[in-house]
Amino acid sequence: MKPLLQVSNLNAWYGESHVLHGVDMTVGEGETITILGRNGVGKTTTLRTIMGIIRERKGEIRFDGKDMLSVPLHRTAHVGLGFVPEERGIFSTLTVEENLMLPPVVADGGMSIREIYDLFPNLEERRSSPGTKLSGGEQQMLAIARILRTGVRLLVLDEPTEGLAPVIVQRIGEVLKKLKERGMTVLLVEQNFRFASRIADRFYLMDHGRMVADFPVAELPARMDKLHKVLGV
Ligand SMILES: Nc1ncnc2c1ncn2[C@@H]1O[C@H](COP(=O)(O)OP(=O)(O)OP(=O)(O)O)[C@@H](O)[C@H]1O
Ligand SMILES: [Mg+2]
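Residues numbered from 1 in each chain as written. Chains lettered and ligands numbered in written order. Predicted model: local features only at pLDDT ≥ 70, side-chain atom pairs only at ≥ 80, totals over all residues.

## Notes on the site of ligand 1
The following threshold applies: Whether a residue is near a molecule or strand depends on its C-beta atom, generated from backbone atoms, being within 6 Å of that molecule or strand. Labels follow the DSSP assignment, with helices taken as runs of H or I lasting at least four residues and strands as runs of E lasting at least two, numbered in each case from the N terminus. Lys, Arg, Asp and Glu make up the charged group, whereas Ala, Val, Leu, Ile, Met, Phe, Trp, Tyr, Cys and Pro make up the nonpolar group; the residues left over, Gly among them, are polar.
Surrounding ligand 1, one finds Tyr-14, Ser-17, Val-19, Gly-37, Asn-39, Gly-40, Val-41, Gly-42, Lys-43, Thr-44 and Thr-45. Of all the secondary-structure elements, those providing two or more residues to the shell around ligand 1 are β2 (17-28) and α1 (43-50). No other element matches the 3 residues that α1 contributes to the shell around ligand 1. Across the shell around ligand 1, the residue classes tally to 3 nonpolar, 7 polar and 1 charged.

Structure, rendered in structure tokens:
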């Protein structure tokens, strides 16, 4: 499989605090990859460093061969990376449709509003509702939907199912499967094993600021006991 994202020996800092200690990770074109790990091991920091939000970094990040360390933050989407942060970032004073239209289209191949509403019928029903009136699940769907319009090739999600009801988690899983069928590459952090095992092709296990294991979804059942111990879940 052709690698789309290649991360090698990535280090990152918050001021004096050295948080990533040599992250190595490869995401193939069309793959769905899930990062697992205990609280505070550096999962969010890994995503934020790849996205260029954290600039105190060393090592290598290549996207489709391009050196991302030289790309300014405001160009990250143009290169093809879209990020849905844990806090989702929906503008509460804007309607669903205004939120949807906000990020600029950066490349061909993004979804039309029609395709997005077909994928998320509840967003169409609520197209004129303000962001404040949305449930957590609707906000998460809107945060994902908004990025699909832009034409990015890698969707990066930080704990998309956190705090959501099981029925909504299932809906988000179905959406991610459909995106996979369309060829989208997805990198996500996720604590919900059941959800992750339904959508991921491969897992990385993170500890103390680096990746300590990497295995395909087929090996998940055999590793479950050990993972429960490592993750404390
Ligand atoms: N803005 C910040 N400034 C300083 N230190 C930070 C900052 N954000 C996170 N950290 C620290 O960096 C380490 C990694 O945090 P990070 O948020 O990446 O962990 P995580 O694996 O995403 O955890 P969680 O499962 O709780 O989301 C932690 O020790 C955390 O306290
Ligand atoms: Mg986190």
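Further notes follow.
## As for the environment of Pro-72
Note the cut-off: With C-beta atoms placed from the backbone, a residue is buried if 20 or more other C-beta atoms are within 10 Å of its own, exposed if 12 or fewer are, and partly exposed between those counts.
Here Pro-72 lies in the loop between β5 (66-67) and α2 (76-79). The exposure class assigned to Pro-72 is exposed, which follows from the 9 C-beta atoms found within 10 Å. Separated by 61 residues in the primary sequence, Pro-72 and Asn-11 have C-alpha atoms spaced 18 Å apart.

## Thoughts on α1
Buried residues dominate α1, accounting for 7 of its 8 residues. Buried within α1 are the following residues: Lys-43, Thr-45, Thr-46, Leu-47, Arg-48, Thr-49 and Ile-50. Phi turns positive one or two residues past the end of α1, at Gly-52, with a value near 85°.

## Some thoughts on helix α9 (residues 220-231)
Short version of the rule: One fewer than the residue count of a helix, multiplied by 1.5 Å, yields its expected span.
For α9, built from 12 residues, the straight-helix expectation of 16 Å at 1.5 Å per residue is missed by more than 12%, its first-to-last C-alpha distance being only 14 Å. In terms of residue burial, α9 counts as a barely covered element, since only 0 of its 12 residues are buried. Backbone geometry just after α9 places Gly-232 at a positive phi near 65°.

## A few points about the sheet that holds β5
For the record, the criterion: One bridge is not enough; two strands pair if DSSP finds at least two bridges between them. Note on contacts: each residue gets a C-beta atom placed from the backbone, and two residues are in contact if those atoms are within 7 Å. Interaxial angle, 0 to 180 degrees, is taken between N-to-C directions of lines fitted to C-alpha atoms, where a helix line uses only the stretch in contact.
Strand order across the open sheet formed by 4 strands is β2-β1-β4-β5, with antiparallel pairing between neighbours. Edge strands, defined here as strands with exactly one partner in the open sheet, are β2 and β5. In this sheet, β2 lies alongside strand β1 (residues 3-14) in antiparallel orientation, the contact comprising 9 bridges. Bridging across to β2, Trp-13 finds its partner in His-18. Contacts from α1 reach β1, β2 and β4 (57-63), with the element oriented near 70° to β2.

## Observations regarding the pairing of strand β9 (residues 202-207)
Bridge count for strand β3 (residues 32-36) against β9 is 4 bridges, and the pairing is parallel. Considered in β9, the bridge of Ile-33 is made with Arg-202. Where β9 lies against strand β10 (residues 210-216), 6 bridges are found, and the strand directions are antiparallel. Note on β10: the bridge partner recorded for Leu-205 is Ala-213.

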